[in-house]
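Observations on the three-dimensional arrangement
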Amino acid sequence: MAELDTDLDHIIPSSVLPPFWAKLVVGLVSLLCFARSYDGDFVFDDSEAIVNNKDLQADTPLGDLWHHDFWGSRLSSNTSHKSYRPLTVLTFRMNYYLSGGFHPVGFHVVNILLHGGISVLMVDVFSVLFGGLQYTSKGRRVHLAPRASLLAALLFAVHPVHTECVAGVVGRADLLCTLFFLLSFLGYCKAFRESNKERAHSSTLWVLLSIVLGAVAMLCKEQGITVLGLNAVFDILVIGKFNIVEVIQKIVRRDKSLENIGLLRSGGLLFRMTLLTSGGAGVLYVRWRIMGTGPPAFTEVDNPASFADSMLVRAINYNYYYSLNAWLLLCPWWLCFDWSMGCIPLIKSVGDWRVIALAALWLCLIGLICQALCSEDSGKRRILTLGLGFLVIPFLPASNLFFRVGFVVAERVLYLPSAGYCMLLTFGFGALSRHTKKKKLIAAFVLGILFINILRCMIRSGEWRSEDQLFRSALSVCPLNAKVHYNIGKNLADKGNQTAAIRYYREAVRLNPKYVHAMNNLGNILKERNELQEAEELLSLAVQIQPDFAAAWMNLGIVQNSLKRFEAAEQSYRTAIKYRRKYPDCYYNLGRLYADLNRHVDALNAWRNATMLKPEHSLAWNNMIILLDNTGNLAQAEAVGREALELIPNDHSLMFSLANVLGKSQKYKESEALFLKAIKANPNVASYHGNLAVLYHRWGHLNLAKKHYEISLQLDPAAAGTKENYGLLRRKLEQMQRKDV
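Our subject in this report is the structure included herewith. All of these numbers come straight from a predicted model, not from anything done at the bench.

Some details on the packing of helix H30 (residues 652-664) against helix H31 (residues 668-681)
Axis separation between H30 and H31 bottoms out at 8 Å; the angle between their running directions is 155°. Of the possible angle classes, the one that applies to H30 and H31 is roughly antiparallel. For the element pair H30 and H31, the recorded crossing hand is left-handed. Along the contact surface, H30 presents His-652, Met-655, Phe-656, Leu-658, Ala-659, Asn-660, Leu-662 and Gly-663, while H31 presents Tyr-668, Glu-670, Ser-671, Leu-674, Phe-675, Lys-677, Ala-678 and Ala-681. Residues belonging to the contact of H30 with H31 are distributed by class as follows: 10 nonpolar, 4 polar and 2 charged.

Now the structure itself:
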């Protein structure tokens, strides 16, 4: 590989070639690319995997992590995506503990540092891939390709396709998987450091350690197990120096020297292959048992090509997806957080012009494979084969070849395969430099690519800092993606901009007429705007399309209740509970329906169910207290209020409701204390001051009553009851003054 390094000497200066300086440069550049994302928010999938994931919180037993998927659902659940990544979730939990809560800065900093560490580790990995394994008499590995390994590591460190993994916190699964993947590979290389038979035991231990590290990588993300396949390829091609073309030629000629091929006679190789095969099979079997021996269930919108009836259509679209992944590696300018829901329309015939992309991809791959197999240069064969191996083998779990995956294109799955691309690109630069006299032009071109990629990484990291920027950045890339419009609409609705949110929700439904979540959210907004007829139509359509959509059934019930269609509303609530048995919000709304129908016992039972399922359900507790108060059951109302405050001690609305009950029971001192505590927690609520004034009025503390009546009227001048009570108090005070005179 001295020739390749010589070809790159005009690009990489000698001053940065020593391993320490090379790794320092790579580490600093990698941190520079993504440093802008350090103070970003939790965005997109971060909400489900982190903020809403109870596995991160201290009150969840650590043992639950080993029975739950990446999103906190039980692996045995039919709705689980079977993404078993307990070690990644464990690091999230450590972040949560060290940060003292869901503070995104700590989570982002860990991701950035992980990418920096991986990029530094890539210098060693590429030095092995480019230079092979040669050791000194003292057992130190000879660094044979310093320029090539440094350039490839720099290309990896600054590749913009990595932004999703680094700037999105959930991308830590890919980062950790890659880290242990590389450690497993380097550990496997250690098995060949000693050549004499006395070191065979040490060699076996390194192979076993490599298998263990591969299993650890898989516990961070599923594709980690593919390192065992890469180790096998490395062993056969680099250590065994296996030449496929030579073997085929000997088989065709029936050459008797075939039996003398060292690879076939090597007991050590067969032993290592047996260890790798049995270890990989054992790890996969355990993984299969843990996930419930069943594949995850995905829908057509997740991966429409895998639901196509024609095998030809499926094959064409899968290959088109591969070409899109290749394009993202070649030209990572058009990046999107999500490529599903119409972003990439299906190719339904061979007459579609996009078939050209398939042809281009396979022409390139076949050309590289031919060079990797047929070249007379053993170094070239090794580099091209290992580059293709690093590119293809880690990508196999995302290829739809073995099982259906839950996405069309996902930038995150390219984090590890991009190492193979960077290796092939570096080799290409060396070959180009060797065959041209304009070496300065090649150097400028390479430096330009590095600079543009750094700039693109910084821009893209900024887009990942907030959901608004992230979602809007996708509009220019995937304008036909219904999920992009849905997410922008949801973000706008959360900020209170309902008018704009409606526009994006409508566009999402137009692009995907079966998008039930967009229908549900749009129906909710229309319900709040009192456009009940259209809201009912949308929600009815949503539950027709997806009959087990519990949230849509509940919202349909709320709309029907507002339309005074009580029987239909009750049926909708019951259907929602049928599909989601633990649904406290639905029980709460069912209780409101029963209260409107004066079915007080049923209402109390429904609210009690809500609080049993969700003890912190403040609205259900409050409604129970108010209903019992209004029906004269003061003792029961007081008991419920005290129970609620024990569970939610800082809820000012519960303090207020219980204070009203205590005041009616003539427990003035305790009632006053609760009123004052509620006012301290939320001083600008007119009713808090008004009801405290009523308490003082009854209690005989007239001056205090006057003070709080006046504060209440300042906050809400239109409160008729407070005006009337204040008028009565003023007349009483005037009478008392006249008597005194």
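A short note on the packing of aromatic side chains
With the rule as written, the count across this model stands at 24 aromatic pairs. Ring geometry for Tyr-96 against Phe-102: centres 4.6 Å apart, planes inclined by 55°, an arrangement best described as tilted. Judged by relative accessible area, which is 25%, Phe-102 ranks as partly exposed. Between Phe-185 and Phe-390, the ring centres sit 6.2 Å apart and the planes meet at 75°, which makes this aromatic pair edge-to-face. Of this pair, Phe-185 sits in helix H8 (residues 172-190) while Phe-390 is found in helix H16 (residues 378-392), placing the two residues 205 residues apart along the sequence. Taken individually, Phe-185 and Phe-390 each receive the classification buried, so the pair is uniform in this respect.

As for empty space enclosed by the protein
Applying the stated rule across the entire model yields 1 cavity of 30 Å³ or more. Roughly 60 Å³ of internal volume is contained in the largest cavity. Each residue belonging to the lining of the largest cavity can be placed in one class, and the counts come to 10 nonpolar, 3 polar and no charged.

A word on the environment of Leu-28
Relative to the elements of secondary structure, Leu-28 occurs in helix H2 (residues 19-34). Among the residues examined, Leu-28 registers a relative accessible area of 52% and is labelled exposed. Taking the C-alpha atoms as reference points, Leu-28 and Gly-116, separated by 88 residues in sequence, lie 7.5 Å from one another.

Let's talk about the state of the cysteines
The tally for this structure, following the rule as stated, stands at 1 disulfide. In this model, Cys-343 is linked to Cys-478 through a disulfide, with the two sulfur atoms separated by 1.7 Å. Residue Cys-343 is located in the loop between helix H14 (311-330) and helix H15 (355-374), and its partner Cys-478 is located in the loop between helix H19 (467-475) and helix H20 (482-494); the two are separated by 135 residues in the primary sequence. What makes Cys-343 buried here is its relative accessible area of 13%. On the accessibility criterion, Cys-478 (1% relative accessible area) is buried. In this structure Cys-370 is not part of a disulfide, and its nearest cysteine sulfur, from Cys-374, lies 5.5 Å away.

With respect to unusual backbone geometry
A positive phi is found at Asn-530, a non-glycine position, where the angle reads about 65°. As for its position among the elements, Asn-530 is in the loop between helix H22 (516-528) and helix H23 (532-545).

Scoring rules and cut-offs
- Residues numbered from 1 in each chain as written.
- Predicted model: local features only at pLDDT ≥ 70, side-chain atom pairs only at ≥ 80, totals over all residues.
- Heavy atoms only, no water.
- Axes fitted to C-alpha atoms, helices over the stretch in contact; angles between N-to-C directions.
- Helix = DSSP H or I, 4+ residues; strand = E, 2+ residues; numbered from the N terminus.
- Parallel < 35°, antiparallel > 145°, perpendicular 65-115°, else oblique.
- Left-handed = near helix turned anticlockwise from the far one by under 90°.
- Contact = heavy atoms within 4.5 Å.
- Nonpolar A, V, L, I, M, F, W, Y, C, P; charged D, E, K, R; others polar.
- Phe/Tyr/Trp six-rings, centres within 6.5 Å; stacked < 30°, edge-to-face > 60°.
- Buried < 20%, exposed > 50% of the residue type's maximum accessible area, 1.4 Å probe, protein only.
- 1 Å grid on protein atoms, 1.4 Å probe; cavity = no way out; pocket = protein on both sides within 12 Å on 5 of 7 lines; lining within 4 Å.
- Points joined across faces, edges and corners; volume = space filled by probe spheres on them.
- Disulfide = S-S within 2.5 Å.

Worth remembering: the numbers are spatial, not functional.
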